[in-house]
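These are the residues of each chain, in order.
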Amino acid sequence: MKQFWAFIKIEFFHIFRDRRTMLILLGMPVLQIILFGFAITTELNHSRVAVLDPSKDAVTTRITERIDENRYFSVVKELSSASDIETVFRHDEADIVVAFTPDFDANLSTGEAGIQLVVDATDPNTGNMMAGYVQGIVGQALQSGTQSSPIVQTHLLFNPQMKSAYNFVPGVMGLILMLICAMMTSISIVREKETGTMEVLLVSPIRPIFIILAKAVPYLVLSCVNLATILLLSVYVLHVPVEGSLWTLSFLSLLLIAVALSLGLLISCVVQNQVAAMIVSGMGLMMPVMLLSGMIFPIESMPAVLQWISNIIPARWYIQAVKKVMIEGLGMAAVWHEALILSGMAALLIGLSLKKFKERLE
């Protein structure tokens, strides 16, 4: 029995002296419960509302104030004409538009008053919730007044069929490209270390930048094949149309591939074996990409800290841009901000990979 307890004590010593094991055992559950507890939410939070109110009478003003006072909504813009409705969505200035008919108060008693709710339905679940919440607020605002109820119509923009694939396909594209590309490249340099062929590369006259690029180019080609396969399946099997420019969509995808490949190369320069590389690139990236990129849960509903952290997730910017191009039919002018961020991330990661590789050479 003393030997048994001695082996237990030795095993505890092995665990406690390995910081990575301690981090996985004690740190990972804390991180998971925080992320799952705060990121997984189906509630709305500060959804942006634009209002088209031609009459601006007492009733429409009361309804607008009730919407703005609700914790789920914020009235951010007043529109002057119906032609402005599509513009606010194209410029990502609102999530839902509440449009009142002219002479709303005067026509309310005759039953001719109406409200049209124009909803961004790229995320069908969130779009349905926004429309339902606004209808409830309108009903509460009119309870103390007339007995008549206005005609409320809901118009679903960008996704009238309410297909969930319109929301999930851009997210899955970002997840697949991010994980596959990072995992493929993360083991490349580590494999050379483990097989002993790294010494051959180190004594060769090839500069470190060319060694890194030589490692990335084959995976870049294979990633382009993956991209073409994903797009073909999305269009012809899942029936998600590419409303915008295919060239813009391909350019954005290539930027994400460059970021993922660079991240994989950086991981391969830091870790010491292929198992660690797979754990970091696979498990370490999957959860943040799924929870903090807007793939499943809206970023606006997350706490401010998690929203800030989501800014460093490359897939967040890719998914956001792909929805604009693929679903909303926007061009490069609407996604230049996301493209610039992805380009900066790729340049930064390549620079860090080169720096770490040089340190290894020294």
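Residues numbered from 1 in each chain as written. Predicted model: local features only at pLDDT ≥ 70, side-chain atom pairs only at ≥ 80, totals over all residues. Heavy atoms only, no water.

J.: What is the right way to look at helix H11 (residues 246–270) in this model?
T.: A turn of α-helix holds 3.6 residues, and therefore any two residues three or four places apart point the same way. Between its first and last C-alpha, H11 extends 36 Å over 25 residues, near the 36 Å set by a 1.5 Å rise per residue. The element H11 is extensively covered by neighbouring structure, given that 19 of its 25 residues are classed as buried. Of the residues that open H11, the one with a side-chain oxygen 3.2 Å from the backbone nitrogen of tryptophan 247 is serine 245. (Helix = DSSP H or I, 4+ residues; strand = E, 2+ residues; numbered from the N terminus. Expected span 1.5 Å × (residues − 1). Buried < 20%, exposed > 50% of the residue type's maximum accessible area, 1.4 Å probe, protein only. Polar contact = N/O pair within 3.5 Å; in protein donor to acceptor, adjacent residues only side chain to side chain.)

J.: Looking at this structure, how should I read the packing of aromatic side chains?
T.: By convention here, two paired aromatic rings are described through the distance between centres and the angle between planes. Summed over the entire model, instances satisfying the criterion amount to three aromatic pairs. When the ring of tyrosine 72 is compared with that of tyrosine 133, the centres are 5.0 Å apart and the planes differ by 50°; the resulting orientation is tilted. With tyrosine 72 in the loop between helix H3 (58–69) and strand E2 (73–79) and tyrosine 133 in helix H6 (residues 124–141), this residue pair connects regions lying 61 residues apart in the sequence. Residue classification places tyrosine 133 among the partly exposed residues on the basis of a relative accessible area of 30%. Pairing phenylalanine 100 with phenylalanine 104 gives two aromatic rings, centres 5.3 Å apart and planes at 80°, and the pair type is edge-to-face. A relative accessible area of 4% places phenylalanine 100 in the buried class. When its relative accessible area of 0% is taken as the criterion, phenylalanine 104 is described as buried. (Phe/Tyr/Trp six-rings, centres within 6.5 Å; stacked < 30°, edge-to-face > 60°.)

J.: Looking at this structure, I do not really get the pattern of salt bridges. What am I missing?
T.: Any two side chains of opposite charge can pair, given that their charged atoms come close. As enumerated under the stated definition, the model contains four salt bridges in all. Across the pair aspartate 92 and arginine 48 runs a salt bridge, and its minimum N-O distance is 3.0 Å. In this pair, aspartate 92 is assigned in the loop between helix H4 (84–90) and strand E3 (96–100) and arginine 48 in strand E1 (residues 47–52), connecting sequence segments 44 residues apart. What makes aspartate 92 partly exposed here is its relative accessible area of 34%. Under the relative-accessibility criterion, arginine 48 is labelled partly exposed at 24%. (Salt bridge = Lys/Arg side-chain N within 4 Å of Asp/Glu carboxyl O.)

J.: What should I look at first to understand the packing of helix H7 (residues 165–186) against H11 in this one?
T.: Two elements in contact, H7 and H11, have axes whose closest approach is 7 Å; the angle formed by their N-to-C orientations is 35°. Relative to H11, the crossing made by H7 is right-handed. Contacts between H7 and H11 pair Met173, Gly174, Leu177, Met178, Cys181, Ala182, Thr185 and Ser186 from the former with Ser253, Leu256, Ile257, Ala260, Leu261, Leu263, Gly264, Leu265, Ile267 and Ser268 from the latter. Tallied by class, residues from the contact of H7 with H11 come to 12 nonpolar, six polar and no charged. (Axes fitted to C-alpha atoms, helices over the stretch in contact; angles between N-to-C directions. Left-handed = near helix turned anticlockwise from the far one by under 90°. Contact = heavy atoms within 4.5 Å. Nonpolar A, V, L, I, M, F, W, Y, C, P; charged D, E, K, R; others polar.)

J.: Explanation requested: the nonpolar core in the structure shown.
T.: Nonpolar side chains in soluble globular proteins tend to be buried together. Ranked by internal contacts, the top residues of the largest apolar core, which has 70 residues, are Phe89, Val97, Tyr318 and Met326. Counting the residues that make up this core, at least three belong to each of domain 1 (45–155) and domain 2 (164–354). If we ignore the near neighbours within four places in the chain, the residues touching phenylalanine 89 are Ala94, Asp95, Ile96, Val97, Val118, Val119, Asp120, Leu157, Phe158 and Glu328. Ranked by size, the runner-up nonpolar core spans 25 residues in total, among them Tyr72, Leu108, Leu117 and Met130. (Core = buried A, V, L, I, M, F, W, Y, C linked by side-chain atoms within 4.5 Å. Domains from an automatic or database assignment.)

J.: How do you make sense of the pairing of E3 when you look at a structure like this?
T.: A regular strand carries its side chains on alternate faces of the sheet. The element E3 is largely enclosed, with a buried count of five among its five residues. Burial of E3 is two-sided: the residues Ile96, Val98 and Phe100 facing one way and the residues Val97 and Ala99 facing the other way are all buried. Summarising the sheet, E1 and E3 pair through four bridges and their orientation is parallel. Bridging from a neighbouring strand, leucine 52 pairs with alanine 99 of E3. In the sheet, E3 pairs with strand E4 (residues 114–120) via five bridges, with the strands oriented antiparallel. Paired with isoleucine 96 across the strands is valine 119, a residue of E4. (Pairing = 2+ DSSP bridges.)

Everything listed here is a matter of coordinates, which is why it stays silent on function.
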